Amino acid sequence: MPRARPASRRSPLSLSAILLTASATAQPIADNGATPDELRSIISEMLADAETRSSLLASAGAAGHDGRFFLASSDGDFRLNISGQLQFRYIATFRDDDAGVDDFESGFQTRRFKLRFDGHVYSPRLFYAVQGQFDRNGGAFRLDEDAFVGFRINESTSIRFGLLKLPFLRERIMSSKRQLAVDRTIADLIFSQGDQSEGVELSRLSGDWRFYFALSDGLNSGRTDFTSNISLPTIASPVAGQADYAITARVERLVAGAWPQFDDFTSPRGSSPFAMMIGGAIHWQDGADTPDSSDVELLSWTADVSVEGDGWNVFAAYIGRALGVDNPAGVAAGDDFNSTDHAFVVQGGLYITDDIEPFIRYDIVLPGRGNGGASAFGAVAAGFNYYLHGHTAKFTLDVQWFLDSAADTSLIGRNFTDIGFLDNGSADDEFVVRAQFQLLF
C-alpha cells in the first residue's frame with residue numbers, strides 16, 4: 001500500500017502570494033458563472049503558479065546559521081555575518097587591610113558584551129568588519145573596536161584599513177573569547193598595543209610563513225583624530241603623547257601542524273600530535289613635543305612560541321621596550337623620563353577529560369630603573385575550563401595570586417579591574433578568585 005504523501009510546507013511568502021492572487025481573481029470568475037469544476041481547475045493552476053513565483057523569490061537570497069547567523073545573496077557576492085560575545089563573571093578579591101583598605105571586595109561584572117557585523121560585498125575579495133561593545137559601566141554602546149574595510153589582492157595577500165588591532169603581542173592579537181584563563185595578564189595590559197588603532201595593515205601568507213606590516217596612529221590610540229593625544233599604560237603611570245608616525249611589523253613561522261590550530265590557546269583531545277609556531281614583532285613610534293603633549297618615543301619588541309599536542313598546550317612570550325618621554329607631566333622642566341622594561345609570560349593547559357582543561361600561568365613585569373626604581377611584579381593564575389560547546393559555551397574558574405605588593409612597585413595607585421587586581425597598598429599579597437561563563441552567538 002503506497003505511503004500517504006505529506007502535505008507540502010509553504011513559506012509565508014508563498015501563502016501571501018496565493019492569498020493575494022486568489023483575492024484578486026476568484027470573485028470575477030464566480031461572477032462570470034464558472035462551474036465548480038472550472039473554478040477548482042483555475043484555483044489549482046493559481047496555486048501552482050503562486051508556488052513557482054514564491055520559489056523564484058526565495059531563491060534570490062539565503063539566511064541561516066553556519067556557526068554565525070548570516071544573510072547572503074544566492075550568488076555569494078554579498079554576505080553579512082552577525083555574531084556576539086557575552087562574558088559574565090564573579091570576582092572576589094582578598095587583600096590585607098593594614099593600609100586602611102577593605103580586605104575583601106566582591107561582585108559581579110559583565111566583562112564583555114560585544115556585537116559584530118562582518119562579511120563581504122560584490123565579491124569575497126572586498127571584506128569588512130564592524131564591532132562594538134556595551135560599556136560595563138553604564139551600558140552605553142561604544143564603537144571602539146573593529147571598523148575596517150579590506151581587500152584580498154590574491155589568495156595569500158590582503159590589505160585592510162580603518163580601526164583595527166595592530167599585529168604586535170600574540171596575547172592581545174588572540175581574541176578575548178579564545179583565551180586560556182579568564183582574562184589576559186598584567187604584562188599584556190602594560191605592554192600591549194591596546195585593543196585597536198586606526199591605520200593600514202598589509203598581511204601575507206606564504207606557505208609556512210605569515211607576515212604583517214602596519215602603519216598607524218600608535219599604540220592605544222583608539223578612535224582619535226590624527227592630532228589627538230594617546231595614552232600609554234606604562235608601569236609608573238599613563239603617559240600621554242601623540243605619535244607622528246608608528247610602524248608595526250610581525251612575522252610568524254609554522255614549524256609543525258596547521259595554521260588553524262593556533263587560532264586559540266587551547267588544543268582539545270584528538271588534535272594533531274604535535275604543532276608548533278614561533279613569532280616575533282617590533283613596534284616603533286615617535287611624536288613631536290607640543291605645548292599640550294609630551295614627546296613620546298617608543299621602541300617595543302617581542303618573541304613568542306606556541307606548542308600544542310593531543311590535549312595539551314604551552315605558550316611563552318618575552319616582551320621588551322625602550323620608552324623615552326621629553327618633558328613628561330609631573331616632572332621638572334628639562335627633565336626626561338627614560339626606561340627599558342621587560343616582561344615574561346608562560347602558560348600551559350592539559351585536558352583531563354574531553355571537556356575539562358586545567359591550566360596554570362605565570363607572568364612577571366621587570367621595570368627598568370627609569371620607572372622609579374620599582375621592583376619586579378609577578379602573578380600566578382591557576383584554574384580550569386569546562387567546555388560545554390567549545391569556546392561557544394564554556395565556564396572558567398581561576399585563582400590569581402599577585403606575588404608582590406603594589407607598595408614595592410610603581411604599580412601602587414593603579415587598579416586593573418579588567419582582570420580583578422586592586423591596589424592593595426600594603427606589604428602583603430593579593431588573591432583574586434574569578435568565575436566566568438562565556439556565550440558566543
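Our subject is the structure listed above.
Now for a quick tour of the structure. (Residues numbered from 1 in each chain as written. Predicted model: local features only at pLDDT ≥ 70, side-chain atom pairs only at ≥ 80, totals over all residues. Heavy atoms only, no water.)

**Re the pairing of strand β11 (residues 230–233)**
And step 1. For β11 and strand β12 (residues 238–241), the ladder comprises four bridges, and the chain directions are antiparallel. Paired with Ser 231 across the strands is Ala 240, a residue of β12. (Pairing = 2+ DSSP bridges. Helix = DSSP H or I, 4+ residues; strand = E, 2+ residues; numbered from the N terminus.)

**Quick notes on the pairing of strand β21 (residues 430–440)**
And step 1. Taking every second residue as pointing to the same face, the buried face of β21 carries Glu 430, Val 432, Arg 434, Gln 436, Gln 438 and Leu 440, while none of Phe 431, Val 433, Ala 435, Phe 437 and Leu 439 on the other face is buried.
And step 2. Sheet topology note: the strand β3 (residues 79–94)/β21 ladder contains 10 bridges and is antiparallel. Residue pairing in the sheet places Gln 85 in a bridge with Leu 440 of β21.
And step 3. Note: strand β20 (residues 393–402) against β21, 10 bridges, orientation antiparallel. Along β21, the bridge assignment pairs Gln 400 with Val 432. (Buried < 20%, exposed > 50% of the residue type's maximum accessible area, 1.4 Å probe, protein only.)

**Here we look at the nonpolar core**
And step 1. Of all hydrophobic cores here, the largest spans 28 residues; its most connected members are Ile 186 and Phe 402.
And step 2. Those elements giving two or more residues to this core turn out to be α4 (186–191), β16 (312–326), β17 (336–350), β18 (356–366) and β19 (377–387).
And step 3. Core analysis: the next-biggest nonpolar cluster, separate from the first, contains 14 residues, Phe 127, Leu 219, Val 296 and Leu 323 among them. (Core = buried A, V, L, I, M, F, W, Y, C linked by side-chain atoms within 4.5 Å.)

**Structural notes on the side chain of Thr 157**
And step 1. Secondary-structure assignment places Thr 157 in strand β8 (residues 157–164).
And step 2. Relative accessible area serves as the criterion here: at 10%, Thr 157 is assigned to the buried category.
And step 3. At 2.7 Å, the side chain of Thr 157 and the side chain of Arg 204 are in polar contact.
And step 4. The contact partners of Thr 157, leaving out residues within four places of it in the chain, are Phe 151, Arg 152, Leu 202, Ser 203 and Arg 204. (Polar contact = N/O pair within 3.5 Å; in protein donor to acceptor, adjacent residues only side chain to side chain. Contact = heavy atoms within 4.5 Å.)

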